[in-house]
Structures are given as structure tokens and as C-alpha cells.
Amino acid sequence: MKRTDFPKEFKFGTATASYQIEGGIEDRSPSIWDEFSHTPGKTKNGDNGDVACDHYHRYEEDIEIMKDIGVDAYRFSISWPRVMTDGIKPNEKGIDFYQKLVDKLLENNITPFITLYHWDLPLYLYKEKNGWLNPDIANYFQDYASLMFNKLGDRVKHWITLNEPWCSAFLGYFVGEHAPGHKDFQESFYVAHNLLRSHGKAVIAFRDIVKDGKIGITNVVTKVESLSNDEKDIQAAKLVDQYINGWYHDPIVYGKYPEEAVNSLKNIKLDIPENDFDIISQTIDFFGVNYYSRQVISYDENHPLKFKHAEGPLPKTEMGWEIYPKGLYDKLVEFNNKYKLPLYITENGMAGPDKLENEQIHDDYRINYIKDHFKSTLDAIKDGVDLRGYFIWSLMDNFEWAHGYSKRFGLVYVDYNTQKRYLKDSALWYKNFLLNK
Ligand SMILES: CO[C@H](O)c1c[n+]2c([nH]1)[C@H](O)[C@@H](O)[C@H](O)[C@H]2CO
């Protein structure tokens, strides 16, 4: 498989997120992840993003690395608390950082794709305004989005409103594994709804400000399969597919939540003002797909949503996620037929047992993972999927949320003691692939 097997305009890239790589906390106000990661017991080894990969001070070097690898595009997120003090007052020093980052990318012919929100909500908005639980958060988000569109929209034409609202809502407000660490099922549905409303308000602003731009949303996309052919398992898997995938795609395209999932939530209040879906279902230009693996589901009478996860038999990554490239093909074809929108794979990659030896990292497992998922991508394109690009997660090893720095996803290895970067064999492979060798 060669690069020229893909459409000429197909964009190959890589991706990161602000809290995971930037550090530079001295020049921004705090986010919910600063408070969460500094709370004992919340992250592995008490790791936090105070320094991370020190990208705030090393962004020029990191762009040089991307230029060397030869990527067409780079997906990154803006730190809301960096560009607006406490999420409210524009901070010119923070805005200037992203101005310089974008200009350096463009100088190197790397197309910027900006994610407005990748989980680092300004702490003030959480503490003083109740964060994503407050319907008014959508107005704060629209103000932030409008500021970024005005400041960068002349040069940045590809925008993503939210990264994985399912994670913010479910992991942040029900499971409690992510910031702000709530464990309230009902809250997680209010949060999900306010995130989707915020998305819609940002799209409305975008249409006024960046008339020649493209905007979408990036969601978790998981292939959900039934453990058996038992009708109960099949129904449980169908509902999980609706809770994870349908819940964050259907309202945007169809203006409603998936019916069977709504009907299954007997004790959940979803008293939603009717015009909310007019806001949420603003026309978008693409869906961003973050695909990593599948979930195998069986029926479980004792779970509030009547399902449980089964351990799949396939080889797994360091995250314990099965390596399942067929699931990527299946979801791309399904989404293409169901939603009829252009797609970008905005994240795909793996955490591996990466070891630095003689300034090299031999990660053949990651090369094979990427090749297998590239193959699924190419098969989907050949079968008619309107797929526009693929961003490998991640450019470099970084802060992996509750796992801290214990999981390495990067094409580039980061020695956190020295902040030295080392291209892994997978980065060298990607470089040759992009050169069409
Ligand atoms: C099921 O995986 C999710 O789709 C997912 C995986 N990942 C993500 N979402 C996030 O967008 C990134 O910030 C993570 O670093 C990355 C790796 O864990």
C-alpha cells in the first residue's frame, strides 16, 4: 500500500491536545484538569500537565519535526483558559501563542485543524458558573469560539468544536475517571446536552465569521459487537451503540436522540426545550472520527443500562484495547451511509511498550497497527466512503489523562527528564510512506 493509492487531496496528519502537551501553566489561568490532576489519587503517580511536553516553549522544534516527517496537516486544540483568562477575558499573550503556532505551521505548508475544546474547561467557569451543567455555558463557549474565529479564521479553515463530548459527559460526570470527577448518571445527560448545544452555538457563530471555512465535531467512534447471538446480548449491544455513538451524532444530523436509547432511560429526566435541537442540528461540514477499538457487549440485569463488557480475545495495546482494524472499516461505511457527511479520522493510534535504546525506539507493533488501519481506511474509500483525512494519535508521547505519562502513543518518543524528542521507527516509516517510498 502506497500513499498514491489514496486520493490526491487526502490529508495525512497527526494530532495532539493542549493540556496533554503544552505545559506553560505560568501564562494561563487554570483548567478543571489542573485541579483534577493535582488532587491526590486521580492520576497515575500523581502526574499532571504543569510541564507535559513543554510544547508551549518548544512548539517551533515540534513543528520542525512534523515538517521532517512530512505531514500534510496537524490537528491541535486551543487551551480556552490560555486565550481567555478564567474563560471570560481575552488574554492577548495566550492568543499570540496560537497566532505564532498557526503562522509557523503555514510557513511549513502544514494545514492546521483546530479543536476548540479538548477537555480543559477554565476552572473559574466550573467553580463559579457550574461548568457544563449550566445551560448558559453554551453562551460562554460561543463567545470563546467567536474570539478564535475572529483571531485565526483568516488562516485556519478547518475547525472542530468539541473533542469527544461522550468522554467529557460520561467519564467526567458518571464514571468520575476524568475531570471534574463527578459520579452522577443524571448529571452526565445534562452535561452531554449542554455540550451539544454549545457545539451548535459555535457553528452558528462560525457561519457568520469564517464564511469559507469547514466545521465539524469529533466523537468517540467505537465498533460495538454482541458477545453472542442471544437476542438479549444483541439488544444490549444495540443500545450501547446508541449510548456511545448515536447519542452524539443523531441529534446533529436528525435533530433527536436515538429513540430506543431514550426509551431505555426510564429514570433519566430529559426535559429538553424543543428549540434546543434547532441549535444542535446546525448543518456541519464533516464528522471527525476517533477510532481505536471495539467493545464486546453482553446483557446484564444488574447494570442500570442492562449491559456489561466482555473481554475480547484479540491482541491488545497497552491500554487493554483490542486491535481491530475491521471495526474502523465497518464504522466508516456505516456512518457514510447513515449520516451522508464527509469524514476525517481525527484520531487513531496505539499505546505501546516503547523503550528508548541507543537513541532508537523499535515499535514495529505500531507500524503494523498503522498499516492495518490504513488498509481499512483505503478499503472504505474504495467502497465509496467520503473520507478526507487521517490523523495519527499522537505526534508525540504526552499526558494520557488518568494514566498520566505511563502510556506512550507518540510517533515521537519524549524523554520527560530531558524533554528530548526521538523519532520512533514508526515516525521514520510514516516519513517514507508520505514520500511514497
Ligand atoms: C476510546 O478511545 C477514545 O476514543 C480516545 C482515545 N484518546 C482520546 N479518545 C482522546 O481524544 C485523547 O486525548 C487520548 O489521548 C486518546 C488516547 O487515549
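Note that this is a predicted model, so its numbers are computed, not measured.

Considering the sheet that holds strand 10 (residues 294–299)
Then, number 1: What the 3 strands build is an open sheet, ordered 8-10-11; its pairing is mixed. If you trace the sheet from one side to the other, it starts and ends with strand 8 (223–226) and strand 11 (307–310), each paired once. Averaged over all neighbouring strand pairs, the angle between strand axes comes to 40 degrees, with direction disregarded.
Then, number 2: As paired elements, strand 8 and strand 10 share 4 bridges and run parallel to each other. Pairing of glutamate 225 across the sheet is with valine 296, part of strand 10.
Then, number 3: Each of strand 8, strand 10 and strand 11 touches helix 10 (residues 231–253); the most contacted strand, strand 10, lies at about 135 degrees to it.

Here we look at the packing of helix 13 (residues 325–339) against helix 14 (residues 364–382)
Then, number 1: Axis separation between helix 13 and helix 14 bottoms out at 8 Å; the angle between their running directions is 25 degrees. The angle between helix 13 and helix 14 falls in the class roughly parallel. Handedness of the helix 13/helix 14 crossing: right-handed. Contacts from Pro325, Lys326, Leu328, Tyr329 and Leu332 in helix 13 reach Asp372, His373, Ser376, Thr377, Asp379 and Ala380 in helix 14.
Then, number 2: Within the contact of helix 13 with helix 14, the residues separate by chemical class into 5 nonpolar, 3 polar and 3 charged.

With respect to the packing of aromatic side chains
Then, number 1: Across all of its chains, the model carries 51 aromatic pairs by this definition.
Then, number 2: Note on phenylalanine 149 and phenylalanine 206: the rings are 5.0 Å apart at their centroids and 75 degrees apart in plane angle, and the pair reads as edge-to-face. Here phenylalanine 149 is found in helix 7 (residues 137–152), whereas its partner phenylalanine 206 is found in helix 9 (residues 185–209), with 57 residues between them in sequence.
Then, number 3: On the basis of relative accessibility, which here comes to 1%, the residue phenylalanine 149 falls in the buried class.
Then, number 4: Phenylalanine 206 sits in the buried class, given a relative accessible area of 0%.
Then, number 5: Over the aromatic face of tyrosine 324 sits the side chain of arginine 294, whose NZ or CZ is 4.6 Å from the ring centroid.
Then, number 6: Between arginine 408 and the ring centre of tyrosine 413, over which it is positioned, the NZ or CZ distance is 3.9 Å.

Let's talk about the site of the ligand
Then, number 1: Taken together, 14 residues sit near the ligand, with Gln20, His118, Glu164, Glu347 and Glu400 positioned nearest.
Then, number 2: A distance of 2.9 Å is found between an oxygen atom of the ligand and a side-chain nitrogen or oxygen belonging to histidine 118.
Then, number 3: Between an oxygen atom of the ligand and a side-chain N or O atom of glutamate 400, the distance comes to 2.7 Å.
Then, number 4: Across the complex, the protein chains shield 90% of the 420 Å² of accessible surface that the ligand would expose by itself.
Then, number 5: Residues of the shell around the ligand, tallied by class, amount to 7 nonpolar, 4 polar and 3 charged.

Describing the UniProt feature "active site" (unreviewed entry) in the protein chain
Then, number 1: As annotated in UniProt, the feature "active site" (unreviewed entry) corresponds to Glu347 in the numbering used here.
Then, number 2: Considering the arrangement of structural elements, one finds glutamate 347 in strand 12 (residues 343–348).
Then, number 3: Non-local contacts of glutamate 347, meaning those with residues more than four positions away in its chain, are made with Arg75, His118, Asn163, Val289, Asn290, Tyr291, Tyr292, Phe391 and Trp393.

Re empty space enclosed by the protein
Then, number 1: Evaluation of the coordinates by the stated rule reveals 2 cavities of 30 Å³ or more.
Then, number 2: Lining of the largest cavity is provided by Ile32, Trp33, Tyr117, Trp119, Trp132, Cys167, Ser168, Gly172, Tyr173, His178, Ala179 and Pro180.
Then, number 3: Where the lining of the largest cavity is concerned, the elements lending two or more residues are helix 2 (32–37) and helix 8 (165–175).
Then, number 4: The class makeup of the residues in the lining of the largest cavity is 9 nonpolar, 3 polar and no charged.
Then, number 5: Space inside the second largest cavity adds up to approximately 40 Å³.
Then, number 6: Residue lining of the second largest cavity: Ser18, Tyr19, Glu22, Gly23, Arg28, Gly49, Ser79 and Asp120, and that is the complete set.
Then, number 7: Of the residues assigned to the lining of the second largest cavity, the class counts are 1 nonpolar, 4 polar and 3 charged.

Let's talk about the layout of surface pockets
Then, number 1: What the second largest pocket holds in volume is close to 180 Å³.
Then, number 2: Lining the second largest pocket are 13 residues, with Pro135, Tyr190, His193, Asn194 and Asp271 positioned closest to its centre.
Then, number 3: Considering every element that reaches the lining of the second largest pocket, the biggest residue donor is helix 9, with 5 residues.
Then, number 4: Taken together, the residues of the lining of the second largest pocket break down into 7 nonpolar, 2 polar and 4 charged.

Analysis parameters
Residues numbered from 1 in each chain as written. Predicted model: local features only at pLDDT ≥ 70, side-chain atom pairs only at ≥ 80, totals over all residues. Heavy atoms only, no water. Pairing = 2+ DSSP bridges. Helix = DSSP H or I, 4+ residues; strand = E, 2+ residues; numbered from the N terminus. Axes fitted to C-alpha atoms, helices over the stretch in contact; angles between N-to-C directions. Contact = heavy atoms within 4.5 Å. Parallel < 35°, antiparallel > 145°, perpendicular 65-115°, else oblique. Left-handed = near helix turned anticlockwise from the far one by under 90°. Nonpolar A, V, L, I, M, F, W, Y, C, P; charged D, E, K, R; others polar. Phe/Tyr/Trp six-rings, centres within 6.5 Å; stacked < 30°, edge-to-face > 60°. Buried < 20%, exposed > 50% of the residue type's maximum accessible area, 1.4 Å probe, protein only. Lys NZ or Arg CZ within 6 Å of the ring centre and 35° of its normal. Near = heavy atom within 4 Å. Polar contact = N/O pair within 3.5 Å; in protein donor to acceptor, adjacent residues only side chain to side chain. Areas by Shrake-Rupley, 256 points an atom, 1.4 Å probe, with all protein chains shown as cover. UniProt positions renumbered as here; feature names shortened; annotations may be inferred. 1 Å grid on protein atoms, 1.4 Å probe; cavity = no way out; pocket = protein on both sides within 12 Å on 5 of 7 lines; lining within 4 Å. Points joined across faces, edges and corners; volume = space filled by probe spheres on them.

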